[in-house]
Amino acid sequence: MKNTDKLGNISETMLITVWARAVETERKGGLIKDPAAVEILKAINYDFSVFNKAVMSQIGCCIRANVMDRQAQAFLDKHPDAVVIQLGAGLDTRYHRLNCPDITHWYDLDLPEVVDIRRQLCPTHPKNTLLPMSMLEEDWIDQVLAHNKPVLIICEGVLMYFDDVEVQAFFAMLCQRFEHTTMLFDMLVYMAKGNAKHHDAVKKTKQKAEFKWSLLNSKDMEQWNNKLHITEEYYMSDYGCKRFPWFMRLLWKTPWGYKRLNQRMIQLDIF
Ligand SMILES: C[S@@+](CC[C@H](N)C(=O)[O-])C[C@H]1O[C@@H](n2cnc3c(N)ncnc32)[C@H](O)[C@@H]1O
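Model, not experiment: these values are computed from the prediction. (Residues numbered from 1 in each chain as written. Predicted model: local features only at pLDDT ≥ 70, side-chain atom pairs only at ≥ 80, totals over all residues.)

Draft legend 1. Representation of the overall build of the protein in the model. Across its full length, the protein holds 10 helices and nine strands. Since a compact globule built from 271 residues should have a radius of gyration of about 18 Å, the 18 Å found for the protein is in line with a globular shape. Taking as baseline every contact in the protein between residues at least 6 positions apart, the subset at least 24 positions apart corresponds to 71%. (Helix = DSSP H or I, 4+ residues; strand = E, 2+ residues; numbered from the N terminus. Rg over C-alpha atoms; globule rule 2.2 N^0.38 Å. Contact = placed C-beta atoms within 7 Å.)

Shown next as structure tokens:
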């Protein structure tokens, strides 16, 4: 059994998303199929039952992962020679969910203590390399640019844990280093910013990371640098999942609730 004691507060949250995908996989007609997540969960020494009541997160993580799987697949359909990098990959096995596409290369990056765990739990593939480093440092950029191929950056469930200064510095770094690239990421429910203590799953973790970043209007990012373009934005509630609690489905019907209580999956192009 793999111990999770060395994980920091943000890294511990990867246990929520892998738990969510494992639960969904075992559900008949579930939103996502991730058999690797089921096996990973069995091999981790952690009391996942603390998340049993986190219904919103469980469904939300799976809709998000499913939408981002489809966005990633669409990019690969257009660019079969792509290089993909997942930043803050945690224990996500998207490369395997997409049936190990024969692209140029797929990188999964996370902090060294996470990669140490991931190396022992996740399926491997010659075209799937792990990068133990911080996404906020530039080293990974040299690695992906060296291929001289179209690059897709995926950053799921991560940016919300950085503050405004860190997020803006991160995008400034991307704009400086990339001529052209596509990035998929998610925008935290706006009202959840500063409110992780009320979040159904994060409040149950041992170290309780805080939600520090979200924008009411994603397009505001375009003001940070003229190379940033929000090209797609998907609202969680548009996926009409009837398993969400009735009061949330009601709130999402109001313009106020739609905008402030919705998680969003975003495609951003840098050019
Ligand atoms: C909620 S988890 C998301 C994991 C995965 N993307 C998923 O959707 O299952 C957040 C991840 O961000 C990673 N992370 C936090 N700070 C990071 C940093 N500076 N560089 C790279 N990864 C980081 C954590 O270790 C953790 O794996």
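Picking up after the structure, the text goes on.
Draft legend 2. How the structure looks around the site of the ligand. In the vicinity of the ligand lie 21 residues, with Ser11, Thr17, Gly88, Gly90 and Gly157 positioned nearest. Looking at the shell around the ligand element by element, the count peaks at three residues for helix 2 (residues 14–25). Counted by class, the shell around the ligand contains 11 nonpolar, seven polar and three charged residues. (Near = placed C-beta within 6 Å. Nonpolar A, V, L, I, M, F, W, Y, C, P; charged D, E, K, R; others polar.)

Draft legend 3. Up close: helix 3 (residues 35–42). Of the residues making up helix 3, those classed as buried are Ala36, Ala37, Ile40 and Leu41. Viewed along the axis of helix 3, the buried residues span an arc of 135°, placing them on a single side of the element. (Buried ≥ 20, exposed ≤ 12 C-beta atoms within 10 Å, placed from the backbone. Arc of directions from axis to C-beta.)

Draft legend 4. View of the pairing of strand 9 (residues 264–270). When strand 7 (residues 181–187) meets strand 9, the two strands line up antiparallel, connected through seven bridges. What sits directly across from Thr181, in strand 9, is Ile270. (Pairing = 2+ DSSP bridges.)

Draft legend 5. Fine view of the environment of Ile103. Mapping Ile103 onto the fold places it in the loop between helix 5 (94–97) and strand 4 (105–110). Considered as a pair, Ile103 and Cys62 are 41 residues apart in the sequence and their alpha carbons are 25 Å apart. The residues contacting Ile103, other than those within four sequence positions of it, are Leu76, Pro80, Asp81, Ala82 and Val84.

Draft legend 6. Expanded view of helix 4 (residues 55–78). Taking 1.5 Å as the rise per residue, helix 4 with 24 residues should run 34 Å; its terminal C-alpha atoms sit 35 Å apart, in good agreement. Three or more residues of helix 4 are buried, namely Gln58, Ile59, Gly60, Cys61, Cys62, Ile63, Arg64, Ala65, Asn66, Val67, Met68 and Ala72. (Expected span 1.5 Å × (residues − 1).)

Draft legend 7. Fine view of the packing of helix 2 against helix 3. Between helix 2 and helix 3, the least distance of the axes is 8 Å, while the angle of their chain directions is 115°. Viewed along their axes, helix 2 and helix 3 form a crossing whose handedness is left-handed. Across the interface between the two elements, Val18, Trp19, Arg21, Ala22 and Thr25 of helix 2 pack against Pro35, Ala37, Val38, Ile40 and Leu41 of helix 3. (Axes fitted to C-alpha atoms, helices over the stretch in contact; angles between N-to-C directions. Left-handed = near helix turned anticlockwise from the far one by under 90°.)

Draft legend 8. Structural context of the sheet that holds strand 8 (residues 228–235). Taken together, seven strands build an open sheet; the order of strands is 5-4-3-6-7-9-8 and the sheet is mixed. Bordering the open sheet on either side are strand 5 (128–132) and strand 8, each of which pairs with just one other strand. Direction aside, neighbouring strands of the sheet carry axes that sit 20° apart on average. With respect to the sheet, helix 4 is in contact with strand 3 (83–87), strand 6 (151–155), strand 7, strand 8 and strand 9, its orientation differing from that of strand 7 by roughly 170°. Sheet strands in contact with helix 6 (residues 112–121) are strand 4 and strand 5, and its direction is about 145° off that of strand 5.

Draft legend 9. The arrangement of the packing of helix 2 against helix 4 in detail. Interaxial distance between helix 2 and helix 4 falls to 8 Å at its minimum, and their mutual angle equals 85°. Here helix 2 lies roughly perpendicular to helix 4, going by the angle between them. Residues Ile16, Thr17, Ala20, Arg21, Val23 and Glu24 of helix 2 form the contact with helix 4, whose participating residues are Ser57, Gln58, Cys61, Cys62 and Ala65. Taken together, the residues of the contact of helix 2 with helix 4 sort by class into six nonpolar, three polar and two charged. (Parallel < 35°, antiparallel > 145°, perpendicular 65-115°, else oblique.)

Draft legend 10. Structural context of the environment of Pro80. One can find Pro80 in the loop between helix 4 and strand 3. Judged by the 11 C-beta atoms lying within 10 Å of it, Pro80 is exposed. Separated by 24 residues in sequence, Pro80 and Thr104 have C-alpha atoms that sit 7.9 Å apart.

Draft legend 11. Seen up close, the pairing of strand 5. Where strand 4 lies against strand 5, five bridges are found, and the strand directions are parallel. Looking across to strand 5, one finds that Leu109 is bridged to Leu131. This β-α-β element, strand 4 to helix 6 to strand 5, shows right-handed connectivity. (Right-handed = clockwise from strand over helix to strand, strands pointing away.)

Draft legend 12. Geometry of the environment of Met135. Summarising the element assignment, Met135 is placed in the loop between strand 5 and helix 7 (139–145). For the pair Met135 and Met173, spaced 38 residues apart in the sequence, the C-alpha separation amounts to 11 Å.

Draft legend 13. Looking closely at unusual backbone geometry. For Asn99, which is not glycine, the phi dihedral falls at a positive 65°. The residue Asn99 is located in the loop between helix 5 and strand 4 in this model. The residue Asn148 is not glycine, and still its phi comes out positive at about 55°. As for its position among the elements, Asn148 is in the loop between helix 7 and strand 6. The exposed category is assigned to Asn148, around which 10 C-beta atoms lie within 10 Å.

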